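# Analysis of the macromolecular model
The residues making up each chain are set out below.
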Amino acid sequence: MTTYDRPVSGDTQESADRVASYVVENYSVEHRDNVLRFDSSDGIEQSLNADTDTLDGLRAAAGLDVATERRVNFSVNVTIVGSDSLADGTQSPATGVSDDLTWGEAYQNQEGAASTARAVTLEDENTICSSNCLLVVRVW
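Presented here is a report on the structure given in the accompanying data block. Remember, predicted model here, so these are calculated numbers, not experimental data.

Scoring rules and cut-offs
- Residues numbered from 1 in each chain as written.
- Predicted model: local features only at pLDDT ≥ 70, side-chain atom pairs only at ≥ 80, totals over all residues.
- Heavy atoms only, no water.
- Pairing = 2+ DSSP bridges.
- Helix = DSSP H or I, 4+ residues; strand = E, 2+ residues; numbered from the N terminus.
- Salt bridge = Lys/Arg side-chain N within 4 Å of Asp/Glu carboxyl O.
- Buried < 20%, exposed > 50% of the residue type's maximum accessible area, 1.4 Å probe, protein only.

### Structural notes on the pairing of strand β4 (residues 114-123)
- Where strand β1 (residues 35-37) and β4 come together, three bridges link them in parallel fashion. Residue valine 35 lies in a different strand from β4, and its bridge partner there is threonine 121.
- Across seven bridges, the pairing between β4 and strand β5 (residues 133-139) is antiparallel. What sits directly across from alanine 117, in β5, is valine 136.

And the structure:
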């Protein structure tokens, strides 16, 4: 008989959920739920491109950095997966104006990573997502 080991800690999953909720709430177009501002100066692409490689600004704004002696410094990755990639099962990042729509530390199937996803649409002229995209946040 073995005990049940949860592969992802509750703190890690809660942190992934918190970041995803923050992104959707703070980058959504006013009065349009889950439609993210994209390539404007206050849109997700330019804002996260301007953040550090470890997304320090996003981590602080989403409440992941708390001042305690036992603080866990989570790694964070935010990726927008395009509808075409979802359809073919690859779940590769969509491509934006300047590069792939993935920010933060490189996610390479790290053990113990928590993941959460939100269905979103991007407000853009280039129609990066022909229908819905998937906002995927991974924390480890």
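Next comes the rest of the description.
### Some thoughts on the pattern of salt bridges
- The tally for this structure, following the rule as stated, stands at four salt bridges.
- The partner of arginine 18 in a salt bridge is glutamate 14, and the shortest N-O contact between them spans 2.8 Å. You can see arginine 18 and its partner glutamate 14 sitting in helix α1 (residues 10-27), four residues apart, about one turn around the helix.
- A salt bridge links aspartate 56 to arginine 59, with the nearest nitrogen and oxygen atoms 3.8 Å apart. Linking aspartate 56 with arginine 59, this pair stays in helix α3 (residues 56-61), spanning three residues, or about one helical turn.

### A look at unusual backbone geometry
- The backbone of asparagine 34 sits at a positive phi, close to 60°, despite the residue not being glycine.
- Residue position: asparagine 34 is located in the loop between α1 and β1.
- One non-glycine residue, glutamine 91, lies in the positive phi region at around 55°.
- You can see glutamine 91 is positioned in the loop between α4 (83-88) and β3 (102-104).
- By relative accessible area, glutamine 91 is classed as partly exposed at 43%.

### Focus on the pairing of strand β2 (residues 76-81)
- Judged by how many residues are buried, β2 sits mostly within the fold: six of six residues are covered.
- Here β2 shows a buried face lined by Val76, Val78 and Ile80 and a second buried face lined by Asn77, Thr79 and Val81.
- Two elements, β2 and β5, share six bridges in a ladder whose sense is antiparallel. Bridging across to β5, isoleucine 80 finds its partner in leucine 135.
- Where β2 meets β3, three bridges bridge the pair, whose relative direction is antiparallel. Paired with valine 78 across the bridge in β3 is tryptophan 103.

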